[in-house]
Amino acid sequence: MSQVDDVLAALADPMRRRILDLVAAKGAVSASALAGELPVSRQAIVKHLAVLEKAELVASERAGRENNFSVRSGALDATATWMASLASQWDRRLAAIKKIAEG
């Protein structure tokens, strides 16, 4: 599976997107801190964070007894670049169709 596939699969889940948004807003944050703001258990958050970490969307760093998670932008940037390229291809195709239809 490619990095883009991993990112899209990870972000397909609304709870993971919400967790990623919270991590981005708060900076380095623990699963326990996230559990206080979300309607799911700490264990569920840890599982979601593992998926986000596998997709390289977050990174963890040990802080005492807990891991703090922070956003990693590289995989998301690569996915955004792929999406922009795909959109550009479609724009060119649609422009060609329009030219044919109007010509």
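Residues numbered from 1 in each chain as written. Predicted model: local features only at pLDDT ≥ 70, side-chain atom pairs only at ≥ 80, totals over all residues. Heavy atoms only, no water.

(A) Geometry of the overall build of the protein. A tally of regular secondary structure across the protein gives 5 helices and 3 strands. In the protein, the succession of α and β elements from N to C terminus is α-α-β-α-α-β-β-α. Rg of the C-alpha trace for the protein: 18 Å, well past the compact-globule value of 13 Å for 103 residues, more than 25% over. Counting all 103 residues of the protein, 25% fall into the buried class. Intrachain contacts of the protein at a sequence separation of at least 6 include 51% that bridge at least 24 residues. Carbon together with sulfur atoms contributes 55% to the accessible area of the protein, which is approximately 6,700 Å² in total. (Helix = DSSP H or I, 4+ residues; strand = E, 2+ residues; numbered from the N terminus. Rg over C-alpha atoms; globule rule 2.2 N^0.38 Å. Buried < 20%, exposed > 50% of the residue type's maximum accessible area, 1.4 Å probe, protein only. Contact = heavy atoms within 4.5 Å. Areas by Shrake-Rupley, 256 points an atom, 1.4 Å probe, with all protein chains shown as cover.)

(B) Structural detail: the packing of helix α2 (residues 14–26) against helix α4 (residues 42–54). Packing of α2 against α4 brings their axes to within 10 Å, and their N-to-C directions diverge by 80°. By the angle between their axes, α2 is roughly perpendicular relative to α4. Contact with α2, carried on its side by Met15, Arg16, Ile19, Leu20 and Val23, involves Ile45, His48, Leu49, Val51 and Leu52 of α4 and no other residues of that element. A class-by-class count of the residues in the contact of α2 with α4 yields 8 nonpolar, 1 polar and 1 charged. (Axes fitted to C-alpha atoms, helices over the stretch in contact; angles between N-to-C directions. Parallel < 35°, antiparallel > 145°, perpendicular 65-115°, else oblique. Nonpolar A, V, L, I, M, F, W, Y, C, P; charged D, E, K, R; others polar.)

(C) Inspection of the environment of Arg18 at higher detail. Position of Arg18 relative to the elements: it lies in helix α2. For the pair Arg18 and Glu102, spaced 84 residues apart in the sequence, the C-alpha separation amounts to 44 Å. Residues within four places of Arg18 in sequence aside, it is in contact with Glu37, Leu38 and Pro39.

(D) Just the packing of helix α1 (residues 3–11) against helix α5 (residues 74–102), in detail. Between α1 and α5, the shortest axis-to-axis distance is 9 Å and the interhelical angle comes to 100°. With respect to α5, the element α1 is oriented roughly perpendicular. In this structure, α1 contributes Gln3, Val4, Val7, Leu8 and Leu11 to the contact, and α5 contributes Ala75, Leu76, Ala78, Thr79 and Trp82. Looking at the contact of α1 with α5 residue by residue, the classes come out as 8 nonpolar, 2 polar and no charged.

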